[in-house]
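# Architecture and fold: a report
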Amino acid sequence: MDENYWIRKLTYEEINFPIEWAKQEGWNPGLYDKDCFYQADSGGFLGGFINNQLIATISAVKYGEKFGFIGFYIVKPDYRKQGYGLKIWQEAIKSLSDRNIGLDGVVSQQDNYRKSGFKLAYRNIRYQGISNHNIEINKTVIDLSSISFEIINNYDKQFFPDDRTNFLKQWIRQPESKVLGIIECDKLRGYGMVKVCDFGYKIAPLFAENFSFAESIFVALQSNIPEGKTFYLDIPEVNHQANILVDKYNLNLVFETARMYNREIPSLPVDKIFGVTSFELG
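Residues numbered from 1 in each chain as written. Predicted model: local features only at pLDDT ≥ 70, side-chain atom pairs only at ≥ 80, totals over all residues. Heavy atoms only, no water.

### Details of the UniProt feature "domain: N-acetyltransferase" (unreviewed entry) in the protein
When the UniProt feature table is mapped onto this chain, "domain: N-acetyltransferase" (unreviewed entry) is found at residues 5-142. Taken end to end, residues 5-142 is 25% helix and 38% strand, and its first and last C-alpha atoms sit 52 Å apart. (UniProt positions renumbered as here; feature names shortened; annotations may be inferred. Helix = DSSP H or I, 4+ residues; strand = E, 2+ residues; numbered from the N terminus.)

This is how it looks when you write it as structure tokens:
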């Protein structure tokens, strides 16, 4: 390892690098994710440098008082398997040492995460589909852009281990996105969002009280994607109803991660999670 290797927090402008590297790795981040990531935790992005050249990145984002999430763990190919990744990993873990930490581990890294004490909660599976405007849309699905953010935030809280208000506020206001949901008896019963990505579109998240609500929101979201365009949906494999949904609409499996935690596995209603928000930030 080069003795000139050093690690520091990335600036707002420098977050472009891990996002670009994520594109090169085929992770397909959203076009407007940068501001959302920075809003989540402006000090949560680390870079490893040799002679002012960035060679490694990782995010270690703090949520609330007790939870953190690791993502963007990337080392430039020429510097892999030389200890640079391990060192920046250790810095990320240190920065979150008093918290329960979650991550979505790619297949090639899952054994290393286990060695660091992370335990498997479940697999997250990415599916790919093609938008189809010939499916009838349930009229109970409405545009949520005009409702109070607090209604969405209060509903969203059950799906995440700690407070992510700042992140969510930015996330659902991305350009070229649409947030739809169902309100029944004056209560939000499910919501989802579709956003534009480096390639195609992504439905992220998709939360609903039952399969019927999830399906209605899913159909409406994909109908907001230009006809015939590619979109993606990431589901927890343990949600049986989500598997039925992707099978019914002939979505194809393209990628998987392992949702892992280093302490306790949070008690989340995974049976209501039909679409994961982000592999990078949870």
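After that view, the rundown keeps rolling.
### Some details on the nonpolar core
Ranked by internal contacts, the top residues of the largest apolar core, which has 38 residues, are Tyr63, Ile152, Trp171, Ile172, Tyr191 and Leu281. In terms of residues, this core owes the most to one element, strand β4 (residues 67-75), which gives four residues. Ignoring sequence-local partners within four residues, the contact set of isoleucine 172 consists of Phe149, Ile152, Ser177, Val179 and Met193. Core analysis: the next-biggest nonpolar cluster, separate from the first, contains 28 residues, Phe213, Ala214, Ala220 and Phe274 among them. (Core = buried A, V, L, I, M, F, W, Y, C linked by side-chain atoms within 4.5 Å. Buried < 20%, exposed > 50% of the residue type's maximum accessible area, 1.4 Å probe, protein only. Contact = heavy atoms within 4.5 Å.)

### Here's the deal with the environment of valine 246
Relative to the helices and strands, valine 246 resides in helix α8 (residues 240-248). Not counting residues up to four positions away in its chain, the partners in contact with valine 246 are Tyr127, Leu233, Ile235 and Leu251.

### What about the pattern of salt bridges?
In the structure shown here, the tally under the stated rule is 16 salt bridges. When the shortest N-O distance is used, the salt bridge between aspartate 33 and lysine 195 registers 2.8 Å. Here aspartate 33 is found in helix α2 (residues 33-40), whereas its partner lysine 195 is found in strand β9 (residues 187-196), with 162 residues between them in sequence. Exposure class is identical for aspartate 33 and lysine 195. Each is buried. Here arginine 123 makes a salt bridge to glutamate 237, at a shortest N to O gap of 2.5 Å. Taken together, the residues arginine 123 in strand β6 (residues 119-130) and glutamate 237 in the loop between β11 (230-236) and α8 connect sequence positions 114 residues apart. Connected through shared salt-bridge partners, Glu20, Lys23 and Asp198 make up one network. (Salt bridge = Lys/Arg side-chain N within 4 Å of Asp/Glu carboxyl O.)

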